Amino acid sequence: MNFEEEDQLELHYLAGGNIVEHPPVFSPDGRFIFVRCGPKVQVYVTSTGELTRVLDDATAPLISLELDQKQPELLLGCTSTGKLLRWNWRAGVLKTMVHLKLADFQVLTCNLLNLYRGGDTACAFVTVKRKSGKQIDWFVVNTSTGDKIAVNCGLKLKLRTPVVDVGKGEFKYIILAQGFYVYFINYETWNFCRYKNANQNPIRCVRMSPSEEVVATADSVGRIFVWRQFDKQETMTNTLFHWHHTEVTSLAFSPSGATLYSGGHETVLVKWPLDRPEERKYLPRMASAIRHIVVSADNEHVLVCTEDNAIQLLGGSNSIIKSTVQHFTYDVKDQTGRSKFPLGLRLNPRTNTLVLNGRAGHLQFYSAYTKNLLYNLRVVDNNIHSHEDSLIVYNTRVTRAAFNINWMATGEVYNDLENFPEVRLKFWQYNEKLQSYILNTDINLPHEQGFKAIIFSNQFQVDNLRCATAGKDNVIKVWGITDSENIYRRGIMWSCLAQTSYRNLPIGSICFSQDGSLLAVGYGNILALYDARNPTQPLHSLSCPPGLDGVLSKAQLRLAKTTLNGARNEIVQQRQQLWAILKTLCSSDDKTLVQQAKDLIMGTPVKGNQVKELEADSKESVFTHIMKMSELALHQKLQLLRRFGIECSVPPACQKQLMEYLQRCVVRPESARVRLRKLDARLHRLHTRHRYKAKHRLDQLSKRRQSYEDLVQTDVLALFSILKLDDNTIPKQPPAKRRHLHTTPPKRIPSKAAPMQGLAQISHVQFGAGAQGHLVAVCTESRVLIWNLLTLRLQAGLKLSVRQLAFDPLTNLIAVITKSDELHVFQPNVPLPLYQRRNLPKTYGLAWLPRRQPKQNSINVDWQAQSTLLMLTQTQEIAYLAAPGQSPSDDAPAPISFAQTPAVTENLLTHATFGIHVRQQKKELEALETTSGPLIVGRGEHSAVSAFVNLSAHTMPAMSLICGEFVKSLLIPADATSRVTAAAAAAETNGSTTNGNGLSHEDSDVEDENDAQQEATLIVRKELLERNAELEEELQPLGTDLVDQQALDHRLKLITGLKKQLRLSI
């Protein structure tokens, strides 16, 4: 489809969402917690962390969420647009939605007060600001009607966003902090006091004690002040609690008010007894920096929200982690300026899980099928450096990773820009018992500076597996599995088999073919093909013709220093003599030299025909000859033309433009030197590692600037007099006027961008799969080129500037994200876009996720019929494109059922992976049982147990969904039991045989019309019963515990033979 066509797909979000941006809220009994995630409210069970309900009635992000004091079943939330929503959280129903009457204000904070005026719900203290960004105002509003309540208070706020907390118990105070000021407002009398924080440090968080008149504030340097008797300045006292060395991000009081919790960037939870602060306790090594702390009303639970988007539930007395709520791990913000997700978005082929960067030094494995975070794997075996305000902290980062069905390769780099980078390559093997990866091989410094790419030769191959790594040192290494050299531990390990490079060109990307026999490498603008078994020399090197790869076509000329073949010495000497005369004429006006130059240019004239003035044809010849001389500058050519009596003038239409251009070329030495001195003064701000390079570059710039100034004096200024521009050299400047926005001329955007002035750099290389395995897609800065390896020719090209690329081996679809945030989906053999979309969010990576139930549609009808395209956005969320109302749960298989209903079993087998073969085998078994007689081995009830035991641990659904059906399958209804008993009794009475389940076979008792056949059947049965009785008599002396195994096998063979005879006779 084209951009102009109507797009039926919408952008949905599969995972992500910040659940720690705001503090959670406990239910009154502490059994549930309410978490804000954008415009949604998620309700979790406290003990298990299971999501039970989602309240998604809001249309804008929620900035506040609280329970009403008098009606605890009501949950009130306020959006940033001023909408107040009231839910009955037990029923999950939205009761009312009230619009706050605040005109065009944007709501910053909203806190409920223990104040009821003209409504059934509490009033709220709201801080707002105008959309234009003026001074912040505050109001008291009625949450039932949305009207403002007039109060008599002279409080005026500053421009900064305030930090607010409200006391809802006996002491009714509003605690508000702006910058280094803190305000204590009594919302009964509306009197307030203002205090200044020590050393004027900004206050980051405030908290009011629920049981006494005590307030705690924390600032940006880690100091905590406990305020008492703050209603009057004369009696106010505050106590300093100081352990944190960085900013304190959260405070929380226990319900009794005797204990204070604090947390910050040290990843340590500190518990302060207010009466004995020196006896504080610590809970170190939290998952990440602490963002919020919430204590339940019964003091049984403590919620700690960490920066990695996790909520941990701790015990109030023992501080033991009971449960964790975490759907998607966030990367903590740092000041290095590096990408948050250098790995991008990867797919683990073993379980089809998404793998991406998580915490520092970790990889997170996320299941898009179940929307659950499976686990975080710690890859880096170093300590994590905590955040510091005045320093840029560097940690070891996992920059590249590759996955096989049994192996994982990771590349980690530590580079602090001062020391030599630390680079490690690790190979991990999957352990079936632990259901995780175990480190197998650790290689130090496989490449210098870092990795460009890591890739396995095949995702599903285990034997003869290869791994290729490309480094920033322009070297490619191929690794293979060999026997371990450790004498203490036998096994296998990875070692380097070969390494190669190509003309020391930088490596852009590498890729193996589908069968792993070829390795394609993008060196600069050259695509090199190697034999994967011996990648020492390239088999072929392909380069695109100039201009087709997005680079301007160029021609390189070389002039021979010696005399060319066929050129006479007289002509060479004449050219050298003319060049010497012209160089002299540039600085002198000798008439003799002018005449000699004329003779050399026009040739030797005939005697008697010499004229003093040049004719028109002669002037044109001299002008053409001089203008073709590339050795001369423009001012030299004009000077020589003046010597020959040829005057040059500029048309009036171009005279002004030429004058402005020449004035721009003339620089003032004083201003240039001032700028150079300013740059030199700023060198001390640079890092010591870069200061010497910057100083060297600045010196080179000064030398070039001086050469340019000398050139301007000799060349550019001479053009003013030659072209008669001296009178207009310094035009009159109009008086300076104040520029207004409406008078500023708009910027002119060129219709066509300038061509690139350099070689194309390959950024992505991708082989096709299946029937298109001979095609290779190569991406440069502005092109996508398709090479055919069978003909070694360029097959097609697309004009796209690719930033992200993902390939689906099931459908041979290539999805690319351009630098202008456009999505294009196409196949290599037919490079016509199947789907296009504009205005996508910024992405860090792409991945194709295979569907568990592939659709039967063609990719031309539904390009996501086999796999779904997932995108990792800049907001750390996983997004996908789908039709309105469609969710990933629609792709889920049928729910697990242990019922014995044949129709349900057939329906399940229809969508199973090997369902066709299982159904065919089942039909054969049923047909065999129908014609084989009454012998049945095993019980049908064991199928439920087998299905339950054989479920994979990582794909097993919640126990609450399958336990009910499992228990029902083990029960036998009462009518079935009575029916079996009656059938057994009837069989004993009539002398009929029964099977192992106690059910008689009616087919064996049906009388046949043929008497002879019936008699034969009775004879065979009689022989079978007699032989069975003889075997039982032989086994009785041995005892039931000492039965010979050979006798039992012999008996089984006899029974089987007699069974065949019985079937043949029937």
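Residues numbered from 1 in each chain as written. Predicted model: local features only at pLDDT ≥ 70, side-chain atom pairs only at ≥ 80, totals over all residues. Heavy atoms only, no water.

1. Some remarks on the overall build of the chain
Consideration 1: Looking only at helices and strands, the chain features 15 helices and 56 strands.
Consideration 2: Counting every position in the chain, which comprises 1066 residues, the buried fraction comes to 41%.
Consideration 3: Put simply, of all contacts in the chain between residues at least 6 apart along the chain, 46% involve residues at least 24 apart.
Consideration 4: Taken as a whole, the chain presents about 60,400 Å² of accessible surface, with 51% of it coming from carbon and sulfur. (Helix = DSSP H or I, 4+ residues; strand = E, 2+ residues; numbered from the N terminus. Buried < 20%, exposed > 50% of the residue type's maximum accessible area, 1.4 Å probe, protein only. Contact = heavy atoms within 4.5 Å. Areas by Shrake-Rupley, 256 points an atom, 1.4 Å probe, with all protein chains shown as cover.)

2. Thoughts on empty space enclosed by the protein
Empty pockets left among the atoms are what a rolling probe the size of a water molecule brings to light.
Consideration 1: Tallied over the full model, the rule gives four cavities of 30 Å³ or more.
Consideration 2: Empty space within the largest cavity amounts to approximately 60 Å³.
Consideration 3: In terms of lining residues, the largest cavity is bounded by 12 residues, among which N525, C544, I762, V778 and L785 are the most central.
Consideration 4: Elements that contribute at least two residues to the lining of the largest cavity include exactly β45 (540-543) and β48 (784-788).
Consideration 5: Tallied by class, residues from the lining of the largest cavity come to eight nonpolar, three polar and one charged. (1 Å grid on protein atoms, 1.4 Å probe; cavity = no way out; pocket = protein on both sides within 12 Å on 5 of 7 lines; lining within 4 Å. Points joined across faces, edges and corners; volume = space filled by probe spheres on them. Nonpolar A, V, L, I, M, F, W, Y, C, P; charged D, E, K, R; others polar.)

3. Remarks on the nonpolar core
Consideration 1: In this structure, L113, F125, W138, V140, I174 and W190 are the most contacted members of the largest nonpolar core, which totals 21 residues.
Consideration 2: Ignoring sequence-local partners within four residues, the contact set of W190 consists of R117, W138, V140, V151, N152, C153, I174 and I185.
Consideration 3: In this structure, L14, L345, L354 and Y880 belong to the second largest nonpolar core, which totals 20 residues. (Core = buried A, V, L, I, M, F, W, Y, C linked by side-chain atoms within 4.5 Å.)

4. A look at a nonpolar patch on the surface
Consideration 1: On the surface, a nonpolar cluster with roughly 250 Å² of combined accessible area is contributed by F623, M627 and L634.
Consideration 2: Relative to the assigned elements, M627 resides in helix α3 (residues 616-627).
Consideration 3: Given the relative accessible area of 33%, M627 is considered partly exposed. (Patch = residues over 30% accessible without salt bridge, like charges linked within 9 Å, V, L, I, M, F, W, Y side chains within 5 Å. Salt bridge = Lys/Arg side-chain N within 4 Å of Asp/Glu carboxyl O.)

5. Overview of the packing of aromatic side chains
Consideration 1: Counted under the stated rule, the structure contains 27 aromatic pairs.
Consideration 2: Between Y173 and F230 the ring centres are 5.1 Å apart and the planes differ by 80°, which places this aromatic pair in the edge-to-face class. A residue pair is termed long-range when its members are at least 10 positions apart, and Y173 in strand β15 (residues 173-178) and F230 in the loop between β20 (223-228) and β21 (237-242) qualify at 57 residues.
Consideration 3: Relative accessible area serves as the criterion here: at 0%, F230 is assigned to the buried category.
Consideration 4: In textbook terms, an aromatic cluster arises when at least three aromatic residues are bridged by ring pairs, as seen for Y173, F184, Y195, W227 and F230.
Consideration 5: The ring of Y116 has K70 sitting right over it, with the charged end atom 4.1 Å from the ring centre.
Consideration 6: Geometry around Y181 places R194 over its ring, the cationic atom sitting 4.2 Å from the centre. (Phe/Tyr/Trp six-rings, centres within 6.5 Å; stacked < 30°, edge-to-face > 60°. Lys NZ or Arg CZ within 6 Å of the ring centre and 35° of its normal.)

6. A few points about the sheet that holds strand β26 (residues 290-295)
Consideration 1: Taken in spatial order, the four strands of this open sheet run β26-β27-β28-β29, and their pairing is antiparallel. Pairing within the sheet leaves two strands with one partner each, and these edge strands are β26 and β29 (321-325). Across the sheet, the axes of successive neighbouring strands diverge by a mean angle of 20°, strand direction being ignored. (Pairing = 2+ DSSP bridges. Axes fitted to C-alpha atoms, helices over the stretch in contact; angles between N-to-C directions.)

7. Examining the pairing of strand β22 (residues 248-253)
Consideration 1: Counting buried residues along β22, five of its six residues qualify, which places the element largely inside the surrounding structure.
Consideration 2: Where β22 meets strand β23 (residues 259-264), five bridges bridge the pair, whose relative direction is antiparallel. The partner of A252 across the bridge, within β23, is Y261.
Consideration 3: Where β22 folds back onto β23 in an antiparallel hairpin, the turn is made up of five residues, including G257, whose phi is positive at roughly 80°.

8. Describing the sheet that holds strand β47 (residues 775-779)
Consideration 1: Taking strand neighbours across the sheet as the criterion, the four strands line up as β46-β47-β48-β49 in an open arrangement whose pairing is antiparallel. Edge positions in the open sheet fall to β46 (764-767) and β49 (793-798), since each of these has one partner strand only. Sheet twist, expressed as the average angle between the axes of neighbouring strands with direction ignored, equals 20°.
Consideration 2: Pairing of β48 with β49, which is carried by five bridges, proceeds in the antiparallel orientation. Its bridge partner lying in β49, L785 is registered against G797.

9. Brief notes about the environment of K172
Consideration 1: Relative to the helices and strands, K172 is located in the loop between β14 (163-166) and β15.
Consideration 2: Considering only alpha carbons, one finds K172 and E188, 16 residues apart in sequence, at a separation of 7.0 Å.
Consideration 3: Residues within four places of K172 in sequence aside, it is in contact with N114, G167, I185, N186, Y187 and E188.
Consideration 4: At a separation of 3.5 Å, a polar atom in the side chain of K172 contacts the main-chain carbonyl oxygen of N114.
Consideration 5: At a separation of 3.4 Å, a polar atom in the side chain of K172 contacts the side chain of E188. (Polar contact = N/O pair within 3.5 Å; in protein donor to acceptor, adjacent residues only side chain to side chain.)

10. Here we look at the confidence of the model for the chain
Consideration 1: Per-residue confidence for the chain averages 78 on the pLDDT scale, and 72% of its residues sit at or above 70.
Consideration 2: Every residue in residues 894-904 is under pLDDT 50, and counting partners more than four places away or in other chains gives 19 contacts.
Consideration 3: Residue range residues 1038-1043 is modelled with pLDDT below 50. Its contacts to residues more than four positions away, or to other chains, number three contacts. (pLDDT = per-residue confidence, 0-100.)

11. Thoughts on unusual backbone geometry
Consideration 1: The phi dihedral of L445 is positive, around 55°, even though this residue is not glycine.
Consideration 2: Positionally, L445 belongs in the loop between β37 (436-444) and β38 (451-456).
Consideration 3: The partly exposed category is assigned to L445, whose relative accessible area is 43%.
Consideration 4: Of note in this structure, N474 is not a glycine but carries a positive phi near 65°.
Consideration 5: Tracing the chain through its elements places N474 in the loop between β39 (466-471) and β40 (476-483).

12. As for the pattern of salt bridges
Side chains carrying opposite charge are able to pair once their charged atoms draw close together.
Consideration 1: Evaluated as defined, the whole model comprises 19 salt bridges.
Consideration 2: As a salt-bridge pair, K168 and E66 come within 2.9 Å of each other at their nearest N and O atoms. With K168 in the loop between β14 and β15 and E66 in strand β6 (residues 62-67), this residue pair connects regions lying 102 residues apart in the sequence.
Consideration 3: Residue E66 is classed as buried on the basis of its relative accessible area of 14%.
Consideration 4: A salt bridge links D680 to K695, with the shortest nitrogen-to-oxygen separation between them at 2.8 Å. Remark: K695 occurs in helix α7 (residues 688-722) and D680 occurs in helix α6 (residues 669-681); sequence separation between them is 15 residues.
Consideration 5: Judged by its relative accessible area of 34%, D680 falls in the partly exposed class.

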